[in-house]
Amino acid sequence: RGAGGLPLDAAILRTDVLRTGPEDGAGADAPSRTAKALTAPEAPSSPTAAVNSVCMAGISLHGATWDRAGHRMAEPVPHQISCPMPPIRLSLQAESATADAAARESAAGEGAARPARVDVPLYFDARRGMQSHVMTLSLPARDRAASAWTIGGTIATCNP
């Protein structure tokens, strides 16, 4: 069992890219890049979600750009090798709670407004080997199929 009594075999890892300041849509009065200004697109669904989470900073995106206004991956800027990502919150959630939330969103008609999510591998560095693979992040993206991001070589790294 994980922290908070959540069975690990019935849990999934949720990825939320945090908003850090006015450029991310966190509000004009929010100071940029401070711990007090970090807000998620949605609040944690339960008190255990806050306990079962961790924040990661210093992640770079390769093969794509992070659109701070749209809060999703976008086409890469020409001649740009990497793009710094805002902090990312990883939280452990019950699989049934995530399925229930998706069902509520589709019933309310909100599913079409959300961008598609793409699985992006996170590596320790840009070598892209199994030795440096850390995990897979699920990031929102726009205007491309998930396979196009994969074929384009989109990855995230811990070291720029």
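**Some points on the sheet that holds strand β2 (residues 53-56)**
Ordered by their spatial adjacency, three strands build an open sheet running β1-β7-β2, and the pairing between neighbours is antiparallel. For this open sheet the edge positions go to β1 (11-17) and β2, each flanked by a neighbour on one side alone. Averaged over all pairs of adjacent strands, the angle between their axes in this sheet comes to 25°, without regard to strand direction.

**Focus: unusual backbone geometry**
You will see that His71, though not glycine, has its phi angle at about 55°, which is positive. Within the secondary structure, His71 sits in the loop between β4 (65-67) and β5 (72-74). A relative accessible area of 7% places His71 in the buried class. Of note in the backbone geometry, His79 takes a positive phi value of approximately 70° without being a glycine. Since its relative accessible area comes to 85%, His79 is described here as exposed.

**Looking at the confidence of the model for the protein chain**
Here the protein chain averages 74 in pLDDT, while 64% of its residues score no lower than 70. Between residues 25-44, whose pLDDT stays under 50, and residues either more than four places distant or in other chains, the model counts 40 contacts. Within the model, the stretch residues 108-112 combines pLDDT values under 50 with two contacts to residues more than four positions away or in other chains.

About the criteria used
Residues numbered from 1 in each chain as written. Predicted model: local features only at pLDDT ≥ 70, side-chain atom pairs only at ≥ 80, totals over all residues. Heavy atoms only, no water. Pairing = 2+ DSSP bridges. Helix = DSSP H or I, 4+ residues; strand = E, 2+ residues; numbered from the N terminus. Axes fitted to C-alpha atoms, helices over the stretch in contact; angles between N-to-C directions. Buried < 20%, exposed > 50% of the residue type's maximum accessible area, 1.4 Å probe, protein only. pLDDT = per-residue confidence, 0-100. Contact = heavy atoms within 4.5 Å.

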